[in-house]
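Below, each chain spelled out in residue letters.
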Amino acid sequence: MKFVIYIIVTVLFAGQFTVSAKNKERLEHLIVAGMNIGATSPGNIPPEVRKVTAWYPYSSFQLGYNIVYNMNDRWAAGSGITMDNKGMGVINEVKHLYTEVRLEADGNYLIGYFSGKNKTDVKMAYITIPFFLRYRLGKQWRLLSGMYASYAHSTSFSGSVWDGYLRTPDPTGLEISIVNREDATFDFGNDMRNFDFGLSIGGEYRINSRFKVSGIFSRGLTSVLKRDLKFVPFNMYNMYMMFGIAYLL
Amino acid sequence: MSKYIVVLLLVLMFSMIGCIKDAPKNIEADILSFGFKEKPDMCVMPDKGLSKIVFETKEPGTGMLTPDITVSEGATIDPKSGVPQDFNNTVLYTVTSENRLWMHEYTVQVKVVNPLVCSFDEWESAGAGTIQYPVLNDYSWSSANPGVGTARAGKVTDYPARPTADAYRGTHAALLETQRGGRYFNVLVPIFPASLFRGKFSIDLSNFAKSVKFGQPHSMDLGRPVLFSGYFKYKAGSPFYDENDNIVPGRVDEGAVYSVLFKTAKGVAGTEKDEFLDGTNILTSDKIVAIAKIEHCTDTPEYTHFEIPFVYKEEINYDLFDYKLTVVLASSREGDFYRGAVGSTLTVDEVEVVCVDF
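Residues numbered from 1 in each chain as written. Chains lettered and ligands numbered in written order. Predicted model: local features only at pLDDT ≥ 70, side-chain atom pairs only at ≥ 80, totals over all residues. Heavy atoms only, no water.

### Topic: the overall build of chain A
Short version of the rule: The way it works is that DSSP assigns letters per residue, a run of H or I at least four long becomes a helix, a run of E at least two long becomes a strand, and they are numbered from the N terminus. When accessible area is computed with a 1.4 Å probe and restricted to protein chains, residues below 20% of their type maximum are described as buried, those above 50% as exposed, and intermediate ones as partly exposed. Residue contacts are counted whenever heavy atoms from the two residues lie within 4.5 Å of one another.
When helices and strands are tallied, chain A shows two helices and eleven strands. Counting from the amino terminus, helix and strand elements in chain A follow one another as α-α-β-β-β-β-β-β-β-β-β-β-β. Counting every position in chain A, which comprises 249 residues, the buried fraction comes to 51%. Pairs at least 24 apart in sequence give 73% of the contacts found in chain A among residues at least 6 apart.

In structure tokens:
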């Protein structure tokens, strides 16, 4: 958290403290707004997932401030601070997925291997600090690449399983059929990491002297789930495409 | 140049969508069905999680038999299906899952017994992991104990159906005690009725009354059931709860002790189409052929003998139907519908269904 505060302070006051009056002309201040559309998913779909039946984005807006320093005609470096919401839902069919489910209303938990249908909703609200280099390709186009650090102030990772069966506590144990969608749920919201760090790449198109549109793909390199969480037996990474507009102040 | 950037962005978009892998190797290691080439009518589909398969026959000398076994997809079994074994002794089978990580050991035995007598003397422990519950050593009987164990995640001191040393004869009798329930699997279960029955139990979350599957095959050579006898004691508990968890003042619980013979389609036993009666229709189904029932199982402090003739609704005809016989012992008569009194206890010993040859 200290790290984040340090970065925020650095970024916000960078202009005032370190940039001379002459260099100020080289600075751009931008308001950026956009939508994150993508998935929080394993880097590779694990073999336990047999079929992805549905995917839907959650309203995942991004709103922030960027400051960009033009080093020369071609190159620029930027940073900023952004309210960055990421989220999605997925319905899939799994086979022998090791998990823990809560039997609704009585609060008891069952651990075992589930085969059947699964719905997972992931929502995260981050404060994100991006760092990027920008390269001018022509009159209109710019290429962006860099990295980001995010702090999550709110997370949820929940869902339900149905239309299948659970072998508990292991594959040689009892077979419990779970039929209805309301019967068994899971919630690993408290087992998510606060931090995400990753890489980004994308481009922007200058519409006029004030407005630009951009598309930036970001890929988390840290799993959103804590490492000691046994009940999702694979790492999950943020992979989101941000479609946005930027307004030059 | 701009084209390249659009293409790059599209490639990035699609790179987020991984590919579905080949199916993982199966982790299950179950015997799905176990039968014998020499005896096509002896075939079972063992309940998942159980590790013992016991066949019962009246014919002595059925030792060397050739098993016909199906196992979980991709799993292997040792010794192999089709290799004759002497099943008068316990034969140990090991099923190994396709991914080779899970093993399930089964013991299989053919017992020469009179299957229609039960002394309730021999009990053992069954289940997996922390969920261990008592079962009768005679596997033609089942109880709802695995359901109670699962609902309470194994934290059970005394299961509703259990042995007691207070026997009429021999070492043990069956003790059935209605217990206080709660909310389980999103279903209000005010009481856990205790029952012990000839048949199978597997949890059906959508309809608990259908978790019980009453009936064991009753082949022609076993004869025509005529008399249902045994010894019982009963003590009604209190308070009496209805299915909505309301206490019903003044209502006195009764137990249930009965045997039912019912018909099924021919050749379905041990197959996917197998037919059973369940908690919703055990006394009302039009498949019922004969019933022997204690009319009022009320407070009876000392062991009392009962001997009830089967009352037939229609004649047995093995040309048209197969038949199944069940014996149901329950501490609360309306337990299938979650109506009963906490602490109602039924103790039963030396049960017999007397049959005469056709």
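### A look at the nonpolar core
Taken as a class, soluble globular proteins show a tendency for nonpolar side chains to be buried jointly. As a reminder, the rule being used: By nonpolar core is meant a set of buried Ala, Val, Leu, Ile, Met, Phe, Trp, Tyr and Cys residues that side-chain atoms within 4.5 Å join together.
By size, the foremost hydrophobic cluster in this structure holds 48 residues, and its most contacted members are Phe157, Leu225 and Val232 of chain A together with Val260 of chain B. Top contributing element to this core by residue count: strand E4 (residues 75-103) of chain A, with six residues. When sequence neighbours within four positions are dropped, the list of residues in contact with Val260 of chain B reads Leu277, Ile282, Leu283, Ile288, Ala290, Ile291, Lys324, Leu325 and Thr326 of chain B.

### Observations regarding the interface of chain B and chain A
Heads up, the rule is: Buried area counts how much accessible surface, traced with a 1.4 Å probe, disappears from two parts once they are put together, with both parts' losses summed. Salt bridges are counted wherever a side-chain nitrogen of Lys or Arg sits within 4 Å of a carboxyl oxygen of Asp or Glu. Polar contacts, as counted here, are pairs of nitrogen or oxygen atoms within 3.5 Å of one another; within protein the pair requires one atom able to donate a hydrogen and one able to accept it, and residues that are adjacent in sequence qualify only if both atoms are side-chain atoms.
Counting residues at the interface gives 41 residues for chain B, matched by 48 residues for chain A. Summed over both partners, the interface of chain B with chain A buries about 3,900 Å², with 69% contributed by carbon and sulfur atoms. For the interface between chain B and chain A, the tally reads three salt bridges. The interface formed by chain B and chain A contains six residue pairs in polar contact (both at pLDDT 80 or more). For the side of chain B that touches chain A, the secondary-structure elements that each account for two or more residues are helix H1 (2-15), strand E9 (103-112), helix H2 (145-151) and strand E16 (179-184) of chain B. A total of eight residues in the side of chain B that touches chain A trace back to one element, the largest contributor, which is H1 of chain B.

### With respect to unusual backbone geometry
Following Thr168 of chain A, the chain continues into Pro169 of chain A via a peptide bond in cis, with omega recorded as -5 degrees. Residue placement: Pro169 of chain A occurs in the loop between strand E6 (141-168) and strand E7 (174-178). A cis geometry characterises the amide bond from Ser238 of chain B onward to Pro239 of chain B, with omega recorded as 0 degrees. A positive phi angle, close to 70 degrees, is found at Arg100 of chain B, a residue other than glycine. Secondary-structure assignment places Arg100 of chain B in the loop between strand E8 (91-96) and E9. Backbone geometry at Phe120 of chain B places phi at a positive 55 degrees, although glycine is not the residue there. Mapped onto the elements of the fold, Phe120 of chain B is located in the loop between strand E10 (117-118) and strand E11 (123-128).

### Comments concerning a nonpolar patch on the surface
Residues and elements named next belong to chain A. Quick reminder of the rule: Only residues above 30% relative accessible area that lack a salt bridge enter a patch, with like-charged residues linked at up to 9 Å and the nonpolar side chains Val, Leu, Ile, Met, Phe, Trp and Tyr linked at up to 5 Å. All accessibility values rest on the Shrake-Rupley procedure with a 1.4 Å probe; residue burial counts only the protein chains present in the view.
Together, Ile31, Met35, Phe61, Leu63, Met83, Tyr205, Ile207, Phe211, Val213, Ile245, Tyr247 and Leu249 line one region of the surface with nonpolar side chains, adding up to about 1,000 Å² of accessible area. Listed by contribution, the elements that provide at least two residues to the nonpolar patch are strand E1 (27-41), strand E3 (61-70), strand E10 (211-220) and strand E11 (237-248). A relative accessible area of 39% means that Leu63 is categorised as partly exposed.

### With respect to the packing of aromatic side chains
For clarity, the threshold we go by: In summary, the pairing rule links any two rings of Phe, Tyr or Trp, Trp by its six-membered ring, whose centres are within 6.5 Å, and it sorts them by plane angle into stacked for under 30 degrees, edge-to-face for over 60 and tilted for everything else. Here, a charge over a ring means that NZ of Lys or CZ of Arg falls within 6 Å of the ring centre while also lying within 35 degrees of the ring normal.
Going through the model one piece at a time under the given rule, you end up with 27 aromatic pairs over all chains. When the centroid spacing of 5.1 Å and the interplanar angle of 55 degrees are considered together, the rings of Phe211 of chain A and Tyr247 of chain A count as tilted. Residue Phe211 of chain A is found in strand E10, and its partner Tyr247 of chain A is found in strand E11; the two are separated by 36 residues along the sequence. When its relative accessible area of 34% is taken as the criterion, Phe211 of chain A is described as partly exposed. According to the relative accessible area criterion, Tyr247 of chain A is partly exposed, its value standing at 34%. Their ring planes at 70 degrees and their centres at 5.9 Å tell us that Phe232 of chain B and Phe306 of chain B sit as a pair that is edge-to-face. Highlighted residues: Phe232 of chain B in strand E21 (residues 224-235) and Phe306 of chain B in strand E25 (residues 300-309), separated in sequence by 74 residues. Judged by its relative accessible area of 6%, Phe232 of chain B falls in the buried class. An aromatic cluster of at least three residues, connected via ring pairs, comprises Tyr98, Tyr113, Phe157, Phe186, Phe188 and Phe231 of chain A together with Trp102 of chain B. For the cation-ring pair, Arg219 of chain A lies above Tyr237 of chain A, with the distance from its terminal atom to the ring centre recorded as 4.9 Å.

### Regarding the sheet that holds E8 of chain B
Residues and elements named next belong to chain B. The test is simple: Pairing between two strands is assigned when DSSP locates at least 2 bridges connecting them. Note on definitions: angles span 0 to 180 degrees between N-to-C directions of axes, and those axes are lines fitted to C-alpha atoms, for helices only across the stretch in contact.
Taken together, the four strands give an open sheet; going across it, the order is E3-E9-E8-E6, and neighbouring strands pair in mixed fashion. The open sheet terminates on both sides in strands that have one partner only, identified here as strand E3 (52-57) and strand E6 (76-78). Strand-to-strand twist in this sheet, taken as the mean axis angle between neighbours without regard to direction, amounts to 20 degrees. Sheet analysis places E3 next to E9, joined by six bridges and oriented parallel. In the strand pairing of E9, Val54 is matched with Gln109.

### A word on the sheet that holds strand E2 (residues 43-44) of chain B
Backbone-to-backbone hydrogen bonds pair the strands of a sheet. The strands run either parallel or antiparallel. All names here are of chain B. Spatial strand order, E2-E1-E5: three strands in an open sheet with antiparallel pairing. The strands lining the two open edges of the sheet, one partner per strand, are E2 and strand E5 (67-71). Pairing of strand E1 (residues 31-36) with E2, which is carried by two bridges, proceeds in the antiparallel orientation. Considered in E2, the bridge of Phe34 is made with Val44.

### Quick look at the side chain of Glu28 of chain A
All names here are of chain A. For Glu28, the location among the structural elements is in strand E1. When its relative accessible area of 15% is taken as the criterion, Glu28 is described as buried. A polar atom in the side chain of Glu28 sits 2.9 Å from the side chain of Arg134. Engagement of the side chain of Glu28 in a polar contact is seen with the side chain of Lys212, the distance being 3.5 Å. In contact with Glu28, not counting residues within four places along its chain, are Asn66, Ile67, Val68, Asn70, Arg134, Lys212 and Leu248.

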